[in-house]
Amino acid sequence: MSRQVGYCVVEYTFFEQGFVTMLMVAESARGYGIGASLLKAAAVSCRTAKLFTSTNVSNHPVQRLLRRAGWRAVRMVHGLEAT
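Please read these numbers as outputs of a predicted model, since none were measured by experiment.

**Thoughts on the overall build of the chain**
Line of reasoning, step 1. Looking only at helices and strands, the chain features two helices and three strands.
Line of reasoning, step 2. Along the chain direction, N to C, the helices and strands of the chain fall in the order β-β-α-β-α.
Line of reasoning, step 3. Taking the principal axes of the C-alpha coordinates as reference, the chain spans close to 45 × 35 × 20 Å.
Line of reasoning, step 4. Of all 83 residues assigned to the chain, the portion counted as buried reaches 16%.
Line of reasoning, step 5. Taking the contacts inside the chain whose residues are at least 6 apart along the sequence as the reference set, 48% of them involve residues at least 24 apart.

Right, dumping it as structure tokens:
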């Protein structure tokens, strides 16, 4: 029996480019490459030349995942997180 352990949502409302608005992997399934596989599938299926995402500055696990998957930081916006 298989179960869903993650999902990725790509929308095209960010300057008409692909944007990963949601990437979720169950805590029990993290560390097995599922997030990287979901990002790769999103990139392969993206209908535009560019694919973006964003995360909070404090979200170090997702930042590590993105770096390991070959994504790069383009810009940082400060002051969005509650202090």
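**Notes on the packing of aromatic side chains**
Line of reasoning, step 1. Per the stated rule, a full pass over the model turns up three aromatic pairs.
Line of reasoning, step 2. Ring plane angle 45° and centroid distance 4.9 Å describe the contact between Phe14 and Phe19, whose orientation is recorded as tilted.
Line of reasoning, step 3. Given a relative accessible area of 31%, Phe14 falls into the partly exposed group.
Line of reasoning, step 4. Measuring from centroid to centroid gives 5.3 Å for Phe14 and Phe52, while their planes differ by 65°, and the two rings are edge-to-face. With Phe14 in strand β1 (residues 6-14) and Phe52 in strand β3 (residues 51-53), the pair connects residues that are 38 residues apart, well separated along the chain.
Line of reasoning, step 5. The lysine or arginine in question, Arg47, covers the ring of Tyr12, its NZ or CZ lying 3.9 Å from the ring centre.

**Focus: the nonpolar core**
Line of reasoning, step 1. Membership of the largest hydrophobic core is limited to six residues, which are Val20, Leu39, Ala42, Cys46, Leu51 and Leu66.
Line of reasoning, step 2. For Val20, the contacting residues outside a window of four places in its chain are Cys8, Val9, Val10, Leu39, Ala42, Leu51, Phe52, Thr53 and Trp71.

**Things to note about a nonpolar patch on the surface**
Line of reasoning, step 1. A surface patch of nonpolar side chains, amounting to about 310 Å² of accessible area, comprises Tyr7, Val9, Met22 and Met24.
Line of reasoning, step 2. Where the nonpolar patch is concerned, the elements lending two or more residues are β1 and β2 (17-25).
Line of reasoning, step 3. Here Tyr7 lies in strand β1.

**Details of the environment of Phe14**
Line of reasoning, step 1. Put simply, Phe14 and Gly79 are 65 residues apart on the chain and 21 Å apart in space, counted from C-alpha to C-alpha.
Line of reasoning, step 2. Setting aside residues no more than four positions away along its own chain, Phe14 makes contact with Phe19 and Phe52.

Rules used throughout
Residues numbered from 1 in each chain as written. Predicted model: local features only at pLDDT ≥ 70, side-chain atom pairs only at ≥ 80, totals over all residues. Heavy atoms only, no water. Helix = DSSP H or I, 4+ residues; strand = E, 2+ residues; numbered from the N terminus. Buried < 20%, exposed > 50% of the residue type's maximum accessible area, 1.4 Å probe, protein only. Contact = heavy atoms within 4.5 Å. Phe/Tyr/Trp six-rings, centres within 6.5 Å; stacked < 30°, edge-to-face > 60°. Lys NZ or Arg CZ within 6 Å of the ring centre and 35° of its normal. Core = buried A, V, L, I, M, F, W, Y, C linked by side-chain atoms within 4.5 Å. Patch = residues over 30% accessible without salt bridge, like charges linked within 9 Å, V, L, I, M, F, W, Y side chains within 5 Å. Areas by Shrake-Rupley, 256 points an atom, 1.4 Å probe, with all protein chains shown as cover. Salt bridge = Lys/Arg side-chain N within 4 Å of Asp/Glu carboxyl O.

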